[in-house]
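Notes for the structure review
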Amino acid sequence: MKVQQELSEIPSHLKDLQQKHKETLRVQTETLRVNTILIKEKVKIFQLVDRYAELTVISNVRDRTLVEHELLARGRDHEEWREKHLRRELEKIRTDQLFQRSSFLQKMRRLFHLSKSGNSAAVSGVPGIGKTTMVQKIVYDWATGKIYPHFQFVFSFKFRDLNTINCRINLRNLILDQYPYFGNILGELWKNPEGLLFIFDGLDEFKDRIDFADNRRNTEPQSMCTDPECWCGVSDIVYSLIQHKLLPGCSVLVTSRPTALHLLEKAKIAVWAEILGFVGDERKEYFNKFFEDQTVAAAVFKHVEENEILYTMCYNPSYCWILALSLGPFFTQRDRKQQQVPKTITQLYSYYIYNILKNHGREIETPRDVLLKLGEMAYTGVSQKKIVFRNEDLIEYNLQPSQFLSGFLMELLERDDSAQSVVYTFPHLTIQEFVSALSQFLTPDPGEIGKLLSEAHSEEDGRFEIFLRFVAGLSSPQSARPLEEFLGKFLHQTTCRVIDWVKEKVEGQIGNTETETGKRILLNTFHYLFESQNKALAQNTVGSVETLSFSGLGLTPIDCAALSHVIGLCDTIKHLDLQQCHIQCEGIQRLGPVLHKCQELSLAENKVKDSRVKLLSAALRNPECKIQKLQ
């Protein structure tokens, strides 16, 4: 199959109009407006080229269960999971390849039986992944001559704006409403539909349901739209463009969240793609572009990279924004000491909530009560493995949607066969887990909190693992102090009971490491100690331990950080067995400062490379080194 030849040069009488259109689009798209709840300025404005970081887009749409993994994802296997599934996909593509007239498009045509001229593409992505920003970049790059020279004109629409149109309209007026300078020239454009690209952003936000499997659109006159001058509903225009019934030969790009993707199953979509967000060094690029000072960018990214949960979140640009905004001040403000930089995930999230309270807490009368109710709802969700909440859930917990609440819950549009409804989700499962833990300290009566924690600890599926780390972490003054400034003092009785519970669990598990399950549970209790940053508690529970064995258990860098914290407070350790723990360089870096305290150290079958041997040699050179036997 031969690829269609490039389009002929644009007629001279349309060149001035094209230049005016390009200049208009350039001005509209050259700045990036970022909405945030974390700072007083509700909108921050940046130059798009300065802030845009490339996203990974794959030429396929994943199964819904894989998409849901992103909201649930956290911890040790996330990056490995993403890389494995990315390798299985058709092909990683750039946004400028979606409509590229090249060998790539030839392959797409063969694969999808695509017609020679004109095609429709659908790009999917979870909330906050960058769909709208990607569309903005595509329009900007076309307007500045960087991509798609074969398109003579590009028209971009947001479905949320189209929702305001409550009457019948035609394509001509739809364009003139947004680009009035086209006047009576549009008739000239219809003659060459191959030179037109229409973009519709945010199908999930559209108030009207477009059913591409509904054959009545092809037979009922009031729904048929085959002419740009034909008066009909907005949904009819979008349907007809995508199905090549209106201006056949033009190209159409539609973006949507996965929740509305099923609407396009029967549509004539030639190229399916999904935004995976940031992969690999793309994360680092985001932080480099966020901070003008590259020293600060490097310091913040290093801090994020060393924390497994924070690094997991960085596939999503929205979470990168939260992290950069929350951590940046610790590396830029002169009055903040470096040692105050959050050491634990609990401290980081405390500061995240602190920013919301500081800038928007006054918008409601009782932020403590709201967070208590929100936390109770969040805890129910954690216990039931529920990440999507509905209006009836908010009503049950006496919560009212507000600007303050939007700092914690994202609104999503969900459709069923008959209607659409608003549902809510936390931006990341770990935020839901943190708010769940926070509510335990806000309740006026701690009741049987020890029993609640023990029941959560006994769940074998790990659903409460991060929740329990947050509870332990919030017993720490460093984590509680910033929140207490706006929420009032945490109940002392609750804090004491949490500390007692952690002590009981560590002491009960310290000698139970015969099985992999026992080792995993002990490691989790070490995470409780790490998050609590309670030196006295750690010394009282593990200060006199002589043997620690985690052989055969995979240890991530954050696991090694927790283990390092514990060993650092232990003066009697004789044998540390870390055989077959798959410890990476970052893990050795975390353990390095405390390894000299052990008498017997086993690191067999960890594939320790040269760089890690150098880290080990530093421990051996320590004047206080006690190592007598090294495997």
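Along every chain, residues carry numbers that run from 1 in the direction the sequence is written. Side-chain atom pairs in this predicted model are given and counted only at pLDDT of 80 or more, local residue features only at pLDDT of at least 70, and totals for whole chains, interfaces and linings cover all residues. The side-chain values count all of the structure's non-hydrogen atoms but skip hydrogen atoms and water molecules.

**Observations concerning the pattern of salt bridges**
Counted only if it meets this: A pairing counts as a salt bridge when a side-chain nitrogen of Lys or Arg comes within 4 Å of a carboxyl oxygen of Asp or Glu. Runs of E in the DSSP output that reach at least two residues are strands. Runs of H or I that reach at least four are helices, and both are numbered from the N terminus. Think of it in three bands: with a 1.4 Å probe and only protein chains considered, a residue is buried below 20% of the maximum accessible area for its type, exposed above 50%, and partly exposed in between.
Under the criterion given, the structure shown has 13 salt bridges. Asp141 serves as the salt-bridge partner of Lys137, at 2.8 Å between the closest nitrogen and oxygen. Placement of both Lys137 and Asp141 in helix 6 (residues 131-143) is noted, with a separation of four residues, approximately one turn of the helix. A relative accessible area of 13% means that Lys137 is categorised as buried. Overall, Asp141 belongs to the buried group, its relative accessible area being 9%. Arg172 serves as the salt-bridge partner of Glu229, at 2.8 Å between the closest nitrogen and oxygen. A residue pair is termed long-range when its members are at least 10 positions apart, and Glu229 in the loop between strand 7 (196-201) and helix 10 (234-242) and Arg172 in helix 8 (residues 171-178) qualify at 57 residues. Through salt bridges that share partners, Glu23, Arg26 and Glu30 make up one connected network.

**A word on the confidence of the model for the chain**
Here is the rule: The quantity called pLDDT is the predictor's confidence in a given residue, expressed from 0 to 100. For this analysis, residues touch if any pair of their heavy atoms sits within 4.5 Å.
Per-residue pLDDT for the chain averages 81, and the proportion of residues at 70 or more is 81%. Across the chain, the element-wise mean pLDDT spans from 43 in helix 5 (residues 103-112) up to 96 in strand 6 (residues 153-158). Below pLDDT 50 for its whole length, residues 1-8 participates in 18 contacts with residues either more than four positions away or in separate chains. Counting contacts from residues 101-117, a segment whose pLDDT is below 50, to residues more than four positions away or on other chains yields 37 contacts.

**Observations regarding the sheet that holds strand 14 (residues 600-602)**
Two orientations exist for strands paired in a sheet by backbone hydrogen bonds: parallel and antiparallel. What counts, and what does not: When DSSP finds two or more bridges between a pair of strands, those strands are recorded as paired.
Reading across from one edge, 12-13-14-15 is the order of the four strands in this open sheet, with parallel pairing throughout. Every other strand in the sheet has two partners, leaving strand 12 (547-549) and strand 15 (629-630) as the edge strands with one partner each. Here strand 12 pairs with strand 13 (residues 575-577) via three bridges, running parallel. If you follow Leu548 over to strand 13, its bridge partner there is Leu576.

**Concerning helix 15 (residues 345-360)**
Here is the rule: Here the expected length of a helix is defined as 1.5 Å per residue gap, with one fewer gap than residues.
For helix 15, spanning 16 residues, the distance from its first C-alpha to its last is 23 Å, which sits close to the expected 22 Å at 1.5 Å a residue. Most of helix 15 sits out of view: 15 of its 16 residues are buried.

**Topic: the packing of aromatic side chains**
Formally: Pairing of aromatic rings covers Phe, Tyr and Trp, the last through its six-membered ring, and needs centres within 6.5 Å; plane angles under 30 degrees mean stacked, over 60 mean edge-to-face, and all others mean tilted.
Scanning the model with the defined rule gives 32 aromatic pairs in all. Aromatic pair Tyr379 and Phe467: ring centres 5.4 Å apart, planes at 55°, arrangement tilted. With a gap of 88 residues between them, Tyr379 in helix 16 (residues 367-383) and Phe467 in helix 20 (residues 465-474) connect regions that are remote in the sequence. Neither Tyr379 nor Phe467 differs from the other in exposure class; each is buried. With centroids separated by 5.1 Å and ring planes inclined at 85°, the aromatic side chains of Phe434 and Phe470 adopt a geometry described as edge-to-face. Here Phe434 is found in helix 18 (residues 429-442), whereas its partner Phe470 is found in helix 20, with 36 residues between them in sequence. Here the two residues Phe434 and Phe470 agree in accessibility, since each one is buried.

**Things to note about the packing of helix 19 (residues 449-458) against helix 22 (residues 492-509)**
In plain terms, the rule: For helices, the fitted line uses only the C-alpha atoms of the stretch in contact; every axis is such a line through C-alpha atoms, and the angle between N-to-C directions lies from 0 to 180 degrees. Here roughly perpendicular refers to angles of 65 to 115 degrees, roughly parallel to angles under 35, roughly antiparallel to angles over 145, and oblique to all remaining angles. Each crossing gets its handedness from the near helix: less than a right angle anticlockwise from the far helix is left-handed, clockwise is right-handed.
Here helix 19 crosses helix 22 at 40°, and the two axes come no closer than 9 Å. In terms of their interaxial angle, helix 19 and helix 22 are classed as oblique. The interaxial crossing formed by helix 19 with helix 22 has right-handed handedness. Residues Ile449, Gly450, Leu453, Ser454 and His457 of helix 19 pack against Thr494, Arg497, Val498, Trp501 and Lys505 of helix 22.

**Observations regarding the nonpolar core**
The following threshold applies: What we call a nonpolar core is a set of buried Ala, Val, Leu, Ile, Met, Phe, Trp, Tyr and Cys residues that are connected through their side-chain atoms within 4.5 Å.
By size, the foremost hydrophobic cluster in this structure holds 191 residues, and its most contacted members are Phe198 and Phe287. In terms of residues, this core owes the most to one element, helix 14 (residues 317-332), which gives ten residues.

**Looking at the side chain of Asp577**
Stated formally: The charged-residue count follows a simple rule in which Lys and Arg add positive charge and Asp and Glu add negative charge, with His and chain termini not counted at all. Side-chain atoms alone can form a polar contact between residues adjacent in sequence; in general such a contact is a pair of N or O atoms within 3.5 Å, and within protein one must be able to donate a hydrogen while the other accepts it.
Among the secondary structure elements, Asp577 is positioned in strand 13. There is no salt bridge for the buried Asp577, and the closest opposite charge comes from Lys519, which lies 6.5 Å off by N-O distance. Of note is the side chain of Asp577, whose polar atom sits 3.1 Å from the backbone nitrogen of Gln579. Sequence-distant contacts of Asp577, that is, excluding residues within four places in its chain, are made with Leu548, Ser549, Phe550, Ser551 and Ser602.

**Looking at the environment of Tyr52**
Looking at the element boundaries, Tyr52 is found in the loop between helix 2 (48-51) and strand 3 (56-58). Since its relative accessible area comes to 6%, Tyr52 is described here as buried. Spatially, the C-alpha atoms of Tyr52 and Lys289 are 7.7 Å apart, while their sequence positions differ by 237 residues. Those residues in contact with Tyr52, other than ones at most four positions away along the chain, are Thr133, Met134, Lys137, Glu285 and Lys289.

**Remarks on helix 6**
The end-to-end C-alpha distance of helix 6 is 18 Å, a good match for the 18 Å that 13 residues give at a rise of 1.5 Å each. Those residues of helix 6 not exposed but buried are Lys131, Met134, Val135, Gln136, Lys137, Ile138, Val139, Tyr140, Asp141, Trp142 and Ala143. Where helix 6 terminates, the next one or two residues include Gly145, which has phi positive at roughly 80°.

**Re the pairing of strand 8 (residues 251-256)**
In terms of burial, strand 8 is largely enclosed, as six of its six residues are buried. Pairing analysis gives five bridges linking strand 5 (residues 120-124) to strand 8, with the strands arranged parallel. Following the sheet pairing, Ser120 is matched in strand 8 by Val252. For strand 7 and strand 8, the ladder comprises four bridges, and the chain directions are parallel. Paired with Phe200 across the bridge in strand 8 is Val254.

**Considerations on unusual backbone geometry**
Phi is positive for His244, close to 65°, though the residue is something other than glycine. For His244, a relative accessible area of 24% translates into the label partly exposed. Positive phi is not limited to glycine here, since Gln580 has a value of about 50°. Relative to the elements of secondary structure, Gln580 occurs in the loop between strand 13 and helix 26 (585-591). Exposure remark for Gln580: the relative accessible area of 38% places this residue in the partly exposed category.

**Focus on the packing of helix 18 against helix 20**
With their axes 8 Å apart at the nearest point, helix 18 and helix 20 run at an angle of 45° to one another. In terms of orientation, helix 18 lies oblique with respect to helix 20. Remark: the crossing between helix 18 and helix 20 carries right-handed chirality. Contacts from Thr430, Glu433, Phe434, Ser436, Ala437, Leu438, Gln440 and Phe441 of helix 18 reach helix 20 at Ile466, Phe467, Phe470, Val471 and Leu474.

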